[in-house]
Structure formats: C-alpha cells, structure tokens
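# Secondary and tertiary structure notes
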Amino acid sequence: MKNDEEIFEILKAKFGDSIIELNAKSPFEKVIVIAPLKIKEVSYFLRDDSELDFCSLVLLSGVDDANGEKVELEEGFKGIQGGTLSVYYHLESINQKQKATLKVSTSRENPEVESVSDVWRNADWHEREAFDMYGIKFLNHPDLRRILMPEDWEAGYPLRKDYRNPEFYQGMKVPY
Amino acid sequence: MIFDWLSSLIGNEIIAGIICACLPLFLFILPFALVAVLMERKVSAHMQDRLGPMRTGYHGIIQTIADILKLFQKEDIMSNEVDKPLFNIAPVLTFIGSYAAFAAIPFTSNFIGTKLDLGIVYILGVSSFGVVSILMAGWSSNNKYSLLGAMRSAAQLVSYEIPTFLVVVTLITVTGTTSLLNLSEMQTGHFWNWMILGGPGLNLTKFLLIPFMIVGAVIVFISTLAEVNRTPFDVPEADSELVAGYYTEYSGMKFAMFFLAEYANMFAVSAIVSALFFGGYQSPFGYLGNLLGVSWLVPFEQLFWFTLKGCLFVFVQMWLRWTLPRLRVDQLMTLCWKYLIPFAFANLLIVGLLVVL
Amino acid sequence: MALKTEEMVLNMGPQHPSTHGVLRLELELEGELVLNVRPHLGYLHRCFEKHCEAMTYPQVIPYVDRLDYLAAMSNELTYAITCEKLMNIQVPERVEYIRVIMVELQRIASHLVALGTFGLDIGAFTPFLYCFIDREKILSLFELTCGARMLYNYIWIGGLSHDLHPDFIRLAKEFVQYFKPHVAELNNLLSYNKIFIERTANVGVLPLEAAINYNITGPSLRGSGIKWDLRKNDPYSIYDKFDFDIPVGKGTFGQVGDCWDRYFVRVVEMEQSLRIIEQALEQIPEGDVTSALPKRVKPPEGTVYARTENPKGELGFFIVSNGSLNPYRVKVKPPSFVNLTVLGELCKGCFISDVIAILGSIDIVMGEVDR
C-alpha cells in the first residue's frame with residue numbers, strides 16, 4: 001500500500017514533465033495533476049505496473065472550474081471565457097488496497113483529453129457522460145456521443161456553469 | 001344420438017346439424033372459458049397469497065363477465081401497416097382450430113359432435129390450424145415481437161405434435177381404435193379399466209403395460225401443454241421477453257378471441273388426455289344411474305365426470321404455470337427432440353412388442 | 001440462388017415489461033441469436049447533478065432518495081457520510097446503529113425486488129409476489145420510523161430526522177424471525193428449480209478479470225468470485241463491529257460468474273444482512289439522535305469522495321466544495337450505471353431470452369443510471 005506522495009514520486013520519475021504537481025489543496029484527498037494528452041500513457045502504466053496495479057477506475061468526473069473571466073455576452077447573461085475544465089479520475093487497486101486521484105485540466109475553449117476507455121472499459125460511458133455534460137472531447141474514444149441528454153440537444157453542455165436553457169427544443173417550449 | 005334426436009324433432013338435418021354444432025359452443029366452451037378465466041385468477045391469487053378479484057359479485061364471481069363486457073366495448077385498434085385481411089382472419093381461425101377439435105371429443109356416451117372413426121387423428125389434424133393462425137397473426141401484425149413469437153410458436157407446435165402423435169399411435173396399437181368414443185367406451189366400468197392402468201381386461205399384458213402407459217401419459221401431457229403454449233412452454237407469448245408474442249398488436253374482441261381460444265384449447269387437450277388415459281367421461285366407480293335403475297341419469301353423471309377430469313387437468317396446467325419458470329426456446333426444442341421423442345419411440349416399440357406377444 | 005438474409009434490429013424498450021424501467025436496448029438479431037446490444041440511456045434523466053448545484057447540502061437529500069429509489073436509505077447514508085467527511089462530524093453511536101439497521105433492512109428490501117423481478121424475467125411469477133409480500137413488511141417498518149414507504153429523507157447530515165418508534169425494536173426482531181424461513185422458501189421455490197437453473201447457469205458468464213476492469217461492484221462482482229465488499233474492505237460507519245460473511249459466487253451449477261451465481265449471492269446476502277440486523281438490534285445504545293446535527297452545513301473548500309456498499313454495488317459521491325452553502329459539484333458514482341456498461345459484452349452471441357436474464361441478474365435501477 002502506497003500513499004499519494006509515493007505514487008506521485010513513481011510517476012514523476014517515470015513520466016517527468018507530464019506529471020504536473022501533487023495538489024494538496026483539498027484536506028480530504030491529494031490529487032495528482034497530469035497533462036491531458038498524456039493521461040492514457042500514465043493510465044496504462046498505473047494499471048500494468050505490478051506495484052501500482054490500479055485495476056479499476058472507480059469514477060471519472062468532469063468539473064467546470066469556472067476560473068476564466070466573466071464576460072457579458074448578451075444583455076443580462078454572463079458567459080465565461082478562458083479558464084479550464086477538469087476531469088478527475090478516482091482509481092483503486094483491489095490487490096494493493098490503495099487509492100489515487102488523478103486530475104487533468106484542459107482549456108475551456110478547446111477541451112481535449114486523451115481517452116482512457118482502452119485502459120478501463122467502464123471509462124467509455126463515463127467519458128461519454130463528461131462529453132455530454134461539459135463538452136470535453138476525449139481523443140480516440142470509440143463512440144463519443146451524448147449519453148444522457150437527447151442526441152439532438154443543441155443548446156450546449158448543461159453542467160457548464162455558464163449554461164443557459166434554450167427557449168425551444170424541437171419546437172417545444174423549455175422553460176415552463 | 002343428439003343429432004338423430006334433434007333431426008327427428010325438427011325434421012330437417014341441416015338445422016339439426018347447425019344446432020348440434022352450436023351446442024358445445026354455447027353450452028360448454030363459453031361457460032367454461034368464463035369459469036376458467038376466473039379459476040385461473042383465483043388459483044393464481046391463492047397460490048401467491050393474494051385474494052384475486054373480490055369486488056364484482058361474491059368473491060368476484062362475475063369478474064369475467066365484466067371483463068368480457070369491457071372487451072366488447074373496446075376500440076378495435078389496428079395499425080396502418082398491418083396486413084388487414086390476414087390480421088382479421090387470424091383470431092377467427094385460431095378459434096376455429098380449437099373449436100373444431102371439440103367436434104370429435106365425446107362429452108358423454110350420447111353427446112359427441114360427430115362420431116368420427118378417426119377422431120383422435122382428426123383432432124391432431126385440426127389443432128394444426130393453430131399454427132397457421134398464429135403465423136398469420138405474427139406475420140400480419142408487422143411487429144417484430146409478434147413475428148418472433150409466431151416463429152417460436154410454429155416451431156414449437158410442429159415439434160410437439162410428434163411426441164403426441166407417437167403416444168397416440170401407442171394407444172392405437174393397444175386398443176385398435178382411433179375413435180375417441182370407442183376408446184372411452186372401452187374404459188368403462190371402474191378406474192382399473194383406464195388406459196393409464198393398462199386398459200380393460202385382466203391379464204398379464206395389462207400389468208406389463210402399466211409403467212409404459214404412465215410414461216405415455218406423462219409425455220402426452222407435457223407435449224399437449226406445449227401445444228397450448230402454457231408455462232413452462234409459453235415461449236411464444238413470453239411476456240417478459242416478447243411483450244405478448246404473436247398477439248401483441250391485437251385489442252378488443254380480436255384479442256378476446258385469442259384468449260377464448262387459449263382456454264378452449266386448454267380444455268380440449270385436458271379432455272384428450274383424460275379420454276386417452278383416464279377413461280374420458282367414464283366414472284371411476286360405476287354409475288349411480290345404473291345402480292338406481294334411472295337410465296337418464298347416466299349421461300349427466302358422465303358429463304359431470306368429464307367436466308371434473310377436464311377441470312382437474314386444467315387446474316394442473318394452472319398449477320404448473322404459477323409455479324415454474326419458462327424454458328428458453330432452444331431448451332424447449334432440446335426437451336422435445338432429445339427426450340420426449342426418443343422416449344415416445346421407445347415406448348411405442350416396447351408396447352408394440354408387448355401387444356404382439 | 002441463396003436467399004438474401006439480413007440482421008433484424010429489434011428495439012427493446014424504452015417501454016418493455018422487463019427492461020427494468022425505461023432502458024432502451026437496440027438488439028441486432030439473427031433469428032433468436034443476439035449479435036450486438038447497444039443500450040440507449042437518458043429516458044429518465046432528471047438533471048440530478050445540475051439540481052444539486054442550486055441546492056444547499058441538506059436540500060440534496062430528497063433528491064438523493066430518488067436515485068436508486070429501491071434503496072433510498074442506502075443512498076441517504078452515502079450522501080450523509082460524504083458530507084460528514086467534508087464537515088468532519090462525528091455522529092453519535094445510536095445514530096450509527098440505527099443507520100446500519102435501516103440500511104441493512106433496505107438491502108434486504110432491494111434484494112427482494114431484484115430476486116423477485118429476476119424470477120419474473122425468467123417467467124416465474126409467483127416468487128415475485130412472495131418477495132413483495134416480505135418487502136411490504138420492511139416498508140411498513142420504515143413507515144413506522146419516518147412516515148414514508150419509498151423515499152424517506154430520514155438519514156440527515158450528522159444524524160437522523162427522528163428517533164426510532166418505541167415499538168420498532170420489537171417489530172424489527174419479529175420481522176427477523178419471520179423472514180428467516182422465507183429465504184429457504186425462496187430457495188425451494190426458485191433457486192433450486194431445475195428450469196431456473198437451466199435458464200441461468202452458464203448464461204452471461206462474467207469473468208473476474210473483466211468484472212474488475214469494468215469496475216463492476218456489488219453482488220455482480222462477488223458473483224464472479226471475489227470477496228470484495230466495502231463493508232469489510234473499506235469499513236465505514238460501524239460495520240467493523242459486526243460479525244458477518246461475504247458470500248461469493250462459486251459456480252455451483254456452471255461457470256463462476258454466471259447469472260445463477262449473481263442471483264444466489266443476493267440470496268445469501270439477505271441472510272447475512274439479517275445477522276447484522278440481529279446483532280445491531282441487540283447492541284443498540286440509548287442516546288440522542290439529533291445532537292450532532294449541524295446548524296448550518298457550510299463545509300470547507302476541497303474535494304471529497306466517499307462511498308458505501310449499496311445493494312446494487314459501490315455507490316459514491318464526489319463532492320467539490322467551494323466553501324459556500326451549495327455544493328459546487330456533486331458527481332454520483334452510480335453502481336447501476338457502471339454495471340450496465342458490461343451488458344453489451346455479456347450479451348454477445350446469446351439468445352433474446354438470455355438478454356433478459358442477464359439484465360435481470362445485474363439488477364439495475366434506471367433512476368440511478370439516468371439520474
């Protein structure tokens with residue numbers, strides 16, 4: 001069983017600059033921040049290395065950091081420009097009885113993250129959900145479609161903090 | 001008998017024939033379906049720790065009538081894409097198939113639709129009507145569930161007719177008759193004359209036949225159960241897989257026709273099983289009418305025993321339905337082709353040898 | 001000339017008797033054989049995660065109830081534990097005991113529905129109603145406790161909304177005694193039925209490797225033969241005080257990890273839950289259940305992930321707090337959603353009837369899948 005610092009050190013030694021930092025801002029869990037386009041390589045290593053052995057991905061969640069600047073796009077409506085969207089990966093090793101949390105941050109305007117659905121198969125749907133809710137594009141994902149929202153939902157990505165309900169969906173009034 | 005009596009009464013054979021044909025429908029099948037639907041609901045309810053229908057009449061006894069009235073009033077919904085002629089004919093044809101079988105079933109020694117010498121063969125023949133109508137219903141509905149159900153049903157009915165027929169042939173070799181009336185007459189007297197107990201007469205062959213007759217009765221019961229699409233063989237309807245199978249698209253009275261045909265079929269196969277193996281309309285203990293010298297009482301007693309035996313087997317069918325899960329379609333075929341048919345063949349062979357010896 | 005054939009695409013659901021809610025499966029069929037299954041979700045999407053961002057922390061609890069509506073108590077417990085971790089609240093011992101009793105009763109209730117509907121999917125109607133009769137008794141116990149039968153809003157952050165009813169302990173003990181023989185009855189009626197075994201053994205075999213890679217949790221994972229239960233492996237609440245076993249699939253009638261194993265793990269789990277309830281009812285201390293309720297839930301900044309062993313699997317909440325009264329982000333780790341991902345893999349090359357059996361055996365609730 002390794003703690004977060006040890007896992008971070010192992011990764012840092014192996015991948016160098018791709019591993020950005022060990023974020024300990026949250027008092028409850030330490031987060032290893034990774035470059036968004038390297039996450040797949042790192043994930044393969046985390047899964048296949050015999051000491052780390054992170055055999056399952058417990059949760060993959062997108063988060064809108066909303067740390068860009070607020071700009072008035074239309075009257076009375078503030079949009080967000082710049083800043084980042086993040087994806088959190090909660091990993092668990094059943095054999096080694098250890099956990100780890102990874103995070104990648106990607107730009108809000110062109111959010112691109114390498115898909116880990118080859119590494120952990122359940123990431124497939126989690127990534128579709130993150131795409132559905134935040135518009136994060138997972139590169140090399142086999143089937144990146146909306147999953148919970150209707151396939152023809154055109155009003156953007158609902159869990160972004162600057163999301164606004166559309167007036168109409170397929171001719172039906174949305175705000176009731 | 002009934003027909004002769006009617007034609008002498010009316011003086012016109014055609015009218016007498018029509019009346020005679022309608023009698024089992026109105027006197028028997030419709031009332032039976034009413035009772036059987038209620039019986040099924042009550043049996044299932046009590047097996048499942050429920051009460052079943054309780055509101056309409058005493059313990060819900062007129063629930064079925066209320067249901068029929070409701071079905072009469074229902075809109076006949078038909079999708080645009082159905083093949084209309086076939087869609088309309090199918091429920092009627094199903095009912096014809098099950099109703100036609102009653103023509104050769106002896107209700108009492110006096111009351112049989114037609115005294116066919118080939119009775120049992122005729123019944124097996126007309127029951128194939130069911131396959132045609134089910135295929136028609138499934139195909140014309142233009143619904144994938146219906147189609148799947150119809151395909152399953154056709155395969156199932158065609159397969160399960162084989163063990164039924166083999167057992168029937170076994171019986172024919174023993175009794176030498178294909179008329180159900182003759183067969184029932186042979187089993188008169190007491191219950192030890194029933195075919196399940198080796199048939200009439202008292203000799204060594206009778207006792208040797210008993211185990212094979214029991215095997216035959218079991219086979220014929222299982223395969224007739226499959227022919228009427230009851231659980232555990234209800235894969236064509238499989239409500240948890242195929243919604244309602246071949247009658248998914250039907251509503252109102254057309255649905256009621258299928259429903260009625262199912263219950264009529266249930267009774268028909270029960271009657272056949274009891275006629276083949278359990279003495280048909282014969283009383284197991286001799287007749288009160290004979291004892292008292294009141295000869296007109298005997299047919300009524302026979303009708304009573306016939307109904308009782310039929311209902312008993314219907315009850316067993318319900319009992320199985322509410323106890324057992326459903327087989328998968330390939331397992332259904334395995335059961336038929338790998339177990340029932342070989343057993344039925346072996347049975348036929350051994351019984352044949354016994355009879356020859 | 002050969003006949004032209006093509007695969008038939010069968011749209012199973014969203015309105016279908018046995019897709020357990022509004023799941024839509026697109027089946028590619030070749031006759032009765034299933035070539036491919038594509039699940040389509042979202043018919044019950046109620047924007048849970050978006051709602052949470054507009055609510056204060058305690059206001060989320062009623063919404064949490066509606067995730068896995070067959071195991072509302074368990075959901076509440078998970079959410080409460082997550083928030084307590086955020087707030088660093090120690091709850092009184094009596095609260096922990098009551099929570100464990102409730103959650104284990106809920107586990108039995110949820111498994112009863114799972115087993116009953118599984119039987120129904122296979123075509124056995126009667127066990128379904130037997131299960132529901134027993135479930136009714138549990139729901140009556142819940143009704144006695146908090147007035148609701150399905151969606152309780154009972155377990156609050158830092159405590160409970162009410163103390164137990166004075167009769168509860170007695171009635172719960174009566175229920176435990178009443179229910180024990182019923183498990184055996186269910187076994188006789190369904191589990192060891194020859195047809196049922198034929199239908200479920202060797203069907204939908206989920207190998208352990210795949211189960212772990214897919215992060216399948218709960219009875220479905222244990223059915224594949226690994227002793228992995230968060231109550232033992234990552235104990236929360238006071239589960240380390242109780243003596244109980246973790247049942248695993250042994251491949252009794254077929255390969256390890258088939259539908260029958262997944263089914264039977266649930267049956268044995270109900271017995272183990274009864275053991276936990278019995279012990280908890282004996283040991284429950286007196287005390288105040290509302291003493292640790294915070295006046296205002298305003299946790300510090302940070303992210304937290306906490307999880308419990310739900311009847312369906314591992315339920316977790318990932319909460320991002322920005323130090324305000326509303327959660328900044330609530331992400332659910334829904335066990336049904338994750339377990340459903342494996343359906344396509346399990347169903348390749350089986351029969352239509354098996355799709356139903358497999359779907360029943362992984363036991364999903366659409367409220368949780370679609371959120």
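Okay, so let's go over this structure.

## So, the overall build of chain C
Helix and strand counts for chain C stand at 15 helices and 8 strands. Each of the three principal axes of chain C carries a C-alpha extent, and together these read 80 × 45 × 35 Å. Each of the 371 residues in chain C was classed as buried or not, and the buried ones make up 66%. Contacts in chain C between residues far apart in sequence, at least 24 positions, make up 72% of those at least 6 positions apart. Summing over all exposed atoms, chain C offers an accessible surface of approximately 12,300 Å²; the carbon and sulfur share of this is 53%. For chain C, the distance from the average position of its 37 positive side-chain charges to the average position of its 46 negative side-chain charges is 4 Å.

## Considerations on the packing of helix α11 (residues 259-283) of chain C against helix α14 (residues 352-362) of chain C
Residues and elements named next belong to chain C. Put simply, α11 and α14 touch, their axes get as near as 9 Å, and they point 30° apart. As the angle between them shows, α11 and α14 are arranged roughly parallel. Our pair here, α11 against α14, has a crossing hand that is left-handed. From α11, Cys-259, Arg-262 and Arg-266 reach across to α14, where they touch Ala-357, Ile-358, Ser-361 and Ile-362.

## Topic: the pattern of salt bridges
All names here are of chain C. Going through the model one piece at a time under the given rule, you end up with 49 salt bridges over all chains. In this structure, Glu-49 and Arg-329 form a salt bridge, with 3.1 Å as the shortest nitrogen-oxygen distance. Of this pair, Glu-49 sits in helix α1 (residues 48-53) while Arg-329 sits in strand β8 (residues 329-333), and the two are 280 residues apart along the sequence. Residue Glu-49 shares its accessibility class with Arg-329, and that shared class is buried. Linking Glu-314 and Arg-307 is a salt bridge whose minimum nitrogen-to-oxygen distance equals 3.2 Å. Like Arg-307, Glu-314 is buried.

## Looking at the interface of chain C and chain B
Across the contact, 35 residues belong to chain C and 24 residues belong to chain B. Contact with chain B buries surface across chain C, with C:Glu32, C:Thr126 and C:Ile195 losing the most and accounting together for 19% of the total. Scanning the region where chain C abuts chain B turns up 2 salt bridges. Salt-bridge contacts for B:Arg152 lead to C:Glu32; the nearest nitrogen and oxygen are separated by 2.5 Å. Across the contact surface, chain C and chain B share 11 residue pairs in polar contact (both at pLDDT 80 or more). For the side of chain C that touches chain B, the elements supplying multiple residues, two or more each, are β1 (8-12), α4 (93-122), α5 (126-146), α6 (168-191), α7 (194-200) and α14 of chain C. It is β1(C) that contributes the most residues to the side of chain C that touches chain B, 5 residues altogether. Looking at the side of chain C that touches chain B residue by residue, the class counts come to 21 nonpolar, 9 polar and 5 charged.

## A short note on the state of the cysteines
Residues and elements named next belong to chain C. By the definition in use, this model includes 0 disulfides over all chains. Looking at the unpaired Cys-83, the closest cysteine sulfur is the one in Cys-52, lying at 9.7 Å. For Cys-83, a relative accessible area of 1% puts it in the buried group.

## Focus: the interface of chain C and chain A
Between chain C and chain A, the contact holds 41 residues from the first and 43 residues from the second. Summed over both sides, the interface between chain C and chain A buries roughly 3,500 Å², with carbon and sulfur atoms accounting for 59% of that surface. Taken as a group, C:Asn213, C:Thr303 and C:Tyr328 account for 17% of the area that chain C buries against chain A, more than any other trio of residues on that side. One can count 6 salt bridges joining chain C with chain A. Across the salt bridge formed by A:Glu92 and C:Arg307, the nearest N and O atoms sit 2.6 Å from each other. A breakdown of the residues in the side of chain C that touches chain A according to their chemical character gives 18 nonpolar, 9 polar and 14 charged.

## Focus: the sheet that holds strand β6 (residues 302-309) of chain C
All names here are of chain C. Taken in spatial order, the 3 strands of this open sheet run β6-β7-β8, and their pairing is antiparallel. Across the chains shown, the open sheet's two edge strands, defined by having one partner strand only, are β6 and β8. For this sheet the average axis-to-axis angle between neighbouring strands, irrespective of direction, equals 15°. Pairing of β6 with strand β7 (residues 314-321) involves 8 bridges; the strand directions are antiparallel. Counted as the bridge partner of Thr-308 is Leu-315 from β7.

## With respect to the arrangement of the chains
The pair of protein chains exhibiting the most contacts, out of 2 pairs of chains in contact, is chains A and C. Separating chain A from chain B is a minimum C-alpha gap of 25 Å, and the two share no contact.

## Here we look at the nonpolar core
Proteins that are soluble and globular tend to have nonpolar side chains buried together. A:Tyr89, C:Tyr79, C:Tyr154, C:Phe317 and C:Leu340 are the most contacted members of the largest nonpolar core, which has 170 residues in total. In terms of residues, this core owes the most to one element, α4(C), which gives 14 residues. Non-local contacts of C:Leu340, meaning those with residues more than four positions away in its chain, are made with A:Trp125, C:Leu23, C:Leu41, C:Leu359, C:Ile362, C:Ile364 and C:Val369. Counting 74 residues, the second largest nonpolar core, distinct from the first, contains B:Ile29, B:Val167, B:Ala271 and B:Tyr281.

## Observations regarding the side chain of C:Arg329
Residue classification places C:Arg329 among the buried residues on the basis of a relative accessible area of 3%. Looking at C:Arg329, its side chain comes within polar contact range of the main-chain oxygen of A:Gly62, at 2.6 Å. Apart from residues no more than four positions distant in its own chain, C:Arg329 is found in contact with A:Ser61, A:Gly62, A:Val63, A:Tyr134, A:Leu159, C:Glu49, C:Glu53, C:Phe318, C:Ile319 and C:Val320.

Conventions used here
- Residues numbered from 1 in each chain as written.
- Chains lettered and ligands numbered in written order.
- Predicted model: local features only at pLDDT ≥ 70, side-chain atom pairs only at ≥ 80, totals over all residues.
- Heavy atoms only, no water.
- Helix = DSSP H or I, 4+ residues; strand = E, 2+ residues; numbered from the N terminus.
- Buried < 20%, exposed > 50% of the residue type's maximum accessible area, 1.4 Å probe, protein only.
- Contact = heavy atoms within 4.5 Å.
- Areas by Shrake-Rupley, 256 points an atom, 1.4 Å probe, with all protein chains shown as cover.
- Lys, Arg positive; Asp, Glu negative; His and termini not counted.
- Charge placed at Lys NZ, Arg CZ, Asp CG, Glu CD.
- Axes fitted to C-alpha atoms, helices over the stretch in contact; angles between N-to-C directions.
- Parallel < 35°, antiparallel > 145°, perpendicular 65-115°, else oblique.
- Left-handed = near helix turned anticlockwise from the far one by under 90°.
- Salt bridge = Lys/Arg side-chain N within 4 Å of Asp/Glu carboxyl O.
- Buried area = accessible area lost by both parts, 1.4 Å probe.
- Polar contact = N/O pair within 3.5 Å; in protein donor to acceptor, adjacent residues only side chain to side chain.
- Nonpolar A, V, L, I, M, F, W, Y, C, P; charged D, E, K, R; others polar.
- Disulfide = S-S within 2.5 Å.
- Pairing = 2+ DSSP bridges.
- Core = buried A, V, L, I, M, F, W, Y, C linked by side-chain atoms within 4.5 Å.

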